[in-house]
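# Inside the fold
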Amino acid sequence: MGFELRDHTADIAVSATGDSLESVFAAVADGLAAASCDEIPAETGDRFSLSVTAESREALLFDYLDELIYLRDTRAELPVDHRVDSIAGPASADGSSADGKPDDWHLEASARGVPLAAVDAREVKAVTYSEMRLERVGEGEPGGWEAYVVFDV
């Protein structure tokens with residue numbers, strides 16, 4: 001599991017891998033934090049929980065990252081040390097519930113909020129759908145996930 005920052009015209013991109021969907025989401029979020037500052041204090045800030053719901057797996061990744069940026073701005077804390085505890089998708093193969101309405105994807109996660117005053121933070125303005133990619137890689141076990149996300153800076 002990990003991430004790599006990549007240069008991107010007027011933006012910054014994060015390429016991440018993980019052995020599970022939860023670990024690749026957390027790795028992308030860690031990449032967002034790394035793009036926001038050069039050094040993250042190890043023991044500063046308290047953990048907080050968050051939940052996100054979206055209509056698709058890719059929208060869940062987008063909305064999760066968007067929520068982290070929103071929380072950074074409203075809490076004046078940089079979310080770091082991301083843990084994605086669970087991701088649940090539609091119960092049926094076609095993505096709909098028994099009543100025919102689409103089932104949503106849901107994420108439960110936590111992060112540590114480092115006060116912005118404690119870091120020399122750069123502003124990452126927004127997550128974008130531009131070039132976003134989230135896909136399963138490898139056949140069978142162990143397999144894994146790859147993600148690529150571009151952020152507007």
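First, a word on what this report is: a plain description of the structure on this page.

Further remarks concern the packing of aromatic side chains. Two numbers describe a pair of aromatic rings. These are the distance of the centres and the angle of the planes. If you walk through the whole model with that rule in mind, you get two aromatic pairs. Judged by centre distance (4.3 Å) and plane angle (0 degrees), the rings of Phe62 and Tyr129 are stacked. With Phe62 in helix H2 (residues 57-75) and Tyr129 in strand E6 (residues 126-137), this residue pair connects regions lying 67 residues apart in the sequence. For Phe62, a relative accessible area of 15% puts it in the buried group. The ring of Phe48 has Arg75 lying over it, and the distance from NZ or CZ to the ring centre is 4.1 Å.

In this section: the environment of Ile87. Mapping Ile87 onto the fold places it in strand E4 (residues 77-88). The class of Ile87 is buried, set by a relative accessible area of 14%. Sequence separation of Ile87 and Thr53 is 34 residues, and the distance between their C-alpha atoms is 9.6 Å. Among all residues touching Ile87, those that are not within four sequence positions of it are Leu21, Glu22, Phe25, Leu60, Trp105, His106 and Leu107.

Across the nine residues of strand E7 (residues 144-152), seven count as buried, placing the element largely inside the fold. Of the strand pairs in this sheet, strand E2 (residues 11-18) and E7 are connected by eight bridges, and their pairing is antiparallel. Bridging from a neighbouring strand, Ala16 pairs with Ala147 of E7. Both E6 and E7 contribute to a ladder of eight bridges, which runs antiparallel. Counted as the bridge partner of Glu135 is Glu146 from E7.

The rules we used
Residues numbered from 1 in each chain as written. Predicted model: local features only at pLDDT ≥ 70, side-chain atom pairs only at ≥ 80, totals over all residues. Heavy atoms only, no water. Phe/Tyr/Trp six-rings, centres within 6.5 Å; stacked < 30°, edge-to-face > 60°. Helix = DSSP H or I, 4+ residues; strand = E, 2+ residues; numbered from the N terminus. Buried < 20%, exposed > 50% of the residue type's maximum accessible area, 1.4 Å probe, protein only. Lys NZ or Arg CZ within 6 Å of the ring centre and 35° of its normal. Contact = heavy atoms within 4.5 Å. Pairing = 2+ DSSP bridges.

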